[in-house]
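Working through the structure, step by step
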Amino acid sequence: MGWNGMKILIIEDQKEKALDIERSIKDMITLTHPVEKKTSLKSGLRELVLGGEYDLLLLDMSMPRFDFDTEELDAPIPESFAGSQIMSEMQLRDINVPVIVVTQYSVFGENRTELKVLDERFRSKFPDFYLGSVYYSSGNNTWKLELEKLITSKFAGSL
């Protein structure tokens, strides 16, 4: 598998952020498969379990548990650690798709856990598939370079 043959899944509830991530990936890699996108913990996990083999998962940390109809007035409140729940389920089901967390928050949950602390925890807890985290900001392009560095470090032999 070279970069061109990669199948990529993005689990992200914010449409603009998901499109920005997808555009960045397409700038790095000429894909032969469409990028699959899911918007909640449940739909993302279902895709991982039933949707086929993926070479890379770009995972948001905070997202709703279920998909919701955009016509609804009240959008569901995102769960702070939904991404962590997905990785725990991946580990239980022996799904070893490489994961990069792409998040626009620097702290999570009521205890205000910092991204740096979560990153260290995930590296220890999910060593078989967790590659690292990227702090996303629509205001600058630093995150794109960090994302490319993580992808390159994992797939350098496939280039």
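My aim in this report is to walk through the structure given alongside it, one point at a time. A quick note: this is a predicted structure, and the numbers were derived from the prediction, not measured.

A look at the pairing of strand 4 (residues 99-103)
Taking burial as the measure, the five residues of strand 4 include five buried ones, the bulk of the element. Bridge count between strand 3 (residues 56-59) and strand 4: three bridges; the pairing is parallel. Residue pairing in the sheet places Leu 59 in a bridge with Val 101 of strand 4. Alignment of strand 4 against strand 7 (residues 130-135), held across five bridges, turns out to be parallel. Counted as the bridge partner of Val 102 is Val 134 from strand 7.

Topic: the pattern of salt bridges
For the coordinates displayed, the defined rule picks out nine salt bridges. A salt bridge links Lys 37 to Glu 22; the shortest N-O distance between them is 2.5 Å. Residue Lys 37 is located in strand 2 (residues 36-38), and its partner Glu 22 is located in helix 1 (residues 15-28); the two are separated by 15 residues in the primary sequence. Judged by its relative accessible area of 32%, Lys 37 falls in the partly exposed class. A residue is classified by how much of its surface remains accessible, and Glu 22, at 10% relative accessible area, is buried.

Cut-offs used in this document
Residues numbered from 1 in each chain as written. Predicted model: local features only at pLDDT ≥ 70, side-chain atom pairs only at ≥ 80, totals over all residues. Heavy atoms only, no water. Buried < 20%, exposed > 50% of the residue type's maximum accessible area, 1.4 Å probe, protein only. Helix = DSSP H or I, 4+ residues; strand = E, 2+ residues; numbered from the N terminus. Pairing = 2+ DSSP bridges. Salt bridge = Lys/Arg side-chain N within 4 Å of Asp/Glu carboxyl O.

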